[in-house]
Structure formats: structure tokens, C-alpha cells
Amino acid sequence: MKKMLLPVVLLPALMSVLLSADARAGSSERAYGAELLQPFKQQLMGALKTGLQQGPEQAIDACKMAAPKIASERSVDGVEMGRASHRLRNPANAAPGWVRPVLDGYLASGSEIRAVQISAGEGRQGYVEPIFMQAAPCLMCHGETLAPAVAEKIRALYPDDQATGFVEGDLRGVFWVSWPTGQ
Ligand code: HEC
């Protein structure tokens, strides 16, 4: 019964995650990066939402399979994108070199954390956007207390997991995208 109720309860929360990320995208010079990321973010949320309709454990499988697949499908025509974090669940999501200083800056910053457009190395532009912890549904899999079955599944799939213990409002990581200059 509880499982059946999940999607209904979570839908508004998922929508607010999408909308607030959208509003954070900022000024027009950063618009191209934000635009490139938008379908990636939407597809990720869609995969998470669909997985959660079956329950949190199934959603872990959905995240594990969908996230890298969506990122690589969206990385075409010289565009690359992904998610990164200072506390990784999947080590394959480590921040590229040009993203690391931005992430460090976010962590050091006492002030407002904003999306930025910066050089992503020779001939490439980059855009980085913060990801914040929302109460639902993020805490279920990244919070301080996880349901035993969820914790067990995460431990089995990600033995080096560092991505629990977050509270609402914490910086969870970043979305990043880079593209050839002049595109
Ligand atoms: C059902 C469990 C589940 C929920 C709910 C969930 N995540 Fe995750 N999250 C995962 C898994 C599993 C991964 C690893 C995916 C992979 O293998 O690339 C992950 C990875 C991430 C990453 C990539 C960096 C890393 O540590 O590998 C970020 C950022 C992230 N999650 C943020 C969020 C946010 C923000 C929310 C809420 C909107 C959320 N997650 C909700 C399970 C979940």
C-alpha cells in the first residue's frame, strides 16, 4: 500500500526540483549550457520517477543504469556532460579537471552558490550548475538514515559509497557540460 502512494506524494517534489534548477540557470550568457543540460536533467528525473513507482530499491537500479546511459547519449557533436560530486557514490562520476575548481569554490563559498560559465580547456567552453539536496526524494538514498534494504543495496552496488549523510539544502554535487568554442 505504501509503495502505491509513493509516486503521488513524490510528484510535486520532483517537479519543484526541476523548476528550481531551471530558475537557477541565470543570465543569458549562461543560457546555452543550461539549455544543453535541460533534457539530461529531465530524462534523469524521469528515470528516477519511473523507478520510484516500483519502490526505492528498483529506483537504485534505474539510476545505476539510466544515469550513465543518458549522459553518454547526450554527449554528441563534441558536447560532453555529466554529474559530479565531492562525495561520490559512483567513482566514475569524478569531476573532470576543469570542473574541480568550481566545485571547490562552491564548497568554500559562504555566499550564494551560482551556476557559472568558464573555459573547459583549450577550445572548449564549460558550464557548471550546483545540485542541492531536496528533502524528497533525495534523502531516501542520500540522507542520514536509509531504510535497511536501501542501505544494503547501495552498499552492494557501490562499496566505496560516500554519498549518504546529506541533509536538505546541502550541496550534493554539480551538473556540468562542455562544448567546442564557437558552437
Ligand atoms: C532511489 C535512490 C536514489 C534517489 C532517490 C536519488 N539518488 Fe542520487 N544516486 C543514486 C545512485 C544509485 C547514484 C549512482 C548513479 C551512477 O551509478 O551513476 C546516484 C548518484 C547521484 C549523483 C552523481 C554523483 C555521485 O555521487 O555518483 C548526484 C549528484 C545525485 N545522485 C543527486 C541526487 C539528488 C539531488 C537526488 C534528489 C533529487 C537524488 N540523487 C535522488 C540513487 C538515488
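As the structure is a computational prediction, the values presented were derived from the model and not from experiment.

How each quantity is defined
Residues numbered from 1 in each chain as written. Predicted model: local features only at pLDDT ≥ 70, side-chain atom pairs only at ≥ 80, totals over all residues. Heavy atoms only, no water. Donors = N, O, S within 2.8 Å, 3.2 Å for Na, K, Ca; no water. Helix = DSSP H or I, 4+ residues; strand = E, 2+ residues; numbered from the N terminus. Axes fitted to C-alpha atoms, helices over the stretch in contact; angles between N-to-C directions. Parallel < 35°, antiparallel > 145°, perpendicular 65-115°, else oblique. Left-handed = near helix turned anticlockwise from the far one by under 90°. Contact = heavy atoms within 4.5 Å. Nonpolar A, V, L, I, M, F, W, Y, C, P; charged D, E, K, R; others polar. Phe/Tyr/Trp six-rings, centres within 6.5 Å; stacked < 30°, edge-to-face > 60°. Buried < 20%, exposed > 50% of the residue type's maximum accessible area, 1.4 Å probe, protein only. Lys NZ or Arg CZ within 6 Å of the ring centre and 35° of its normal.

**Here's the deal with the coordination of the iron atom of the ligand**
Argument step 1. Just one protein ligand coordinates the iron atom of the ligand, and it is His142 (NE2) at 2.1 Å.
Argument step 2. Along the polypeptide, His142 turns up in helix 5 (residues 139-142).

**Section: the packing of helix 3 (residues 56-74) against helix 6 (residues 148-157)**
Argument step 1. Here helix 3 crosses helix 6 at 25 degrees, and the two axes come no closer than 9 Å. In terms of orientation, helix 3 and helix 6 fall into the roughly parallel class. Where helix 3 crosses over helix 6, the two elements pack in a sense that is right-handed. Between helix 3, through Pro56, Glu57, Ile60, Asp61 and Lys64, and helix 6, the contact on the second element is made entirely by Ala149, Val150, Lys153, Ile154 and Leu157.
Argument step 2. For the contact of helix 3 with helix 6, a count of residues per class yields six nonpolar, no polar and four charged.

**Quick notes on unusual backbone geometry**
Argument step 1. Cis geometry marks the peptide bond from Ala136 to Pro137; its omega dihedral reads 0 degrees.
Argument step 2. Mapped onto the secondary structure, Pro137 falls in the loop between strand 3 (124-132) and helix 5.
Argument step 3. Phi angles above zero are rare outside glycine, and Asp77 is one such case at about 55 degrees.
Argument step 4. Within the secondary structure layout, Asp77 lies in the loop between helix 3 and strand 1 (80-84).

**So, the packing of aromatic side chains**
The description of two aromatic rings rests on the distance between their centres and on the angle between their planes.
Argument step 1. Overall, the coordinates contain three aromatic pairs when judged by the stated rule.
Argument step 2. Taken together, a centroid distance of 5.1 Å and an interplanar angle of 80 degrees make the contact between Tyr32 and Trp179 edge-to-face. Taken together, the positions of Tyr32 in helix 2 (residues 31-52) and Trp179 in strand 4 (residues 171-180) put the pair 147 residues apart, joining distant regions of the chain.
Argument step 3. With a centroid separation of 5.8 Å and an interplanar angle of 80 degrees, the aromatic rings of Phe40 and Phe175 are classed as edge-to-face. Here Phe40, found in helix 2, pairs with Phe175, found in strand 4; they are 135 residues apart in sequence, far enough to count as distant. Comparing Phe40 with Phe175 shows no difference in burial state: the two are buried.
Argument step 4. The cationic tip of Arg87 hangs over the ring face of Phe166; the distance from NZ or CZ to the ring centre is 3.9 Å.

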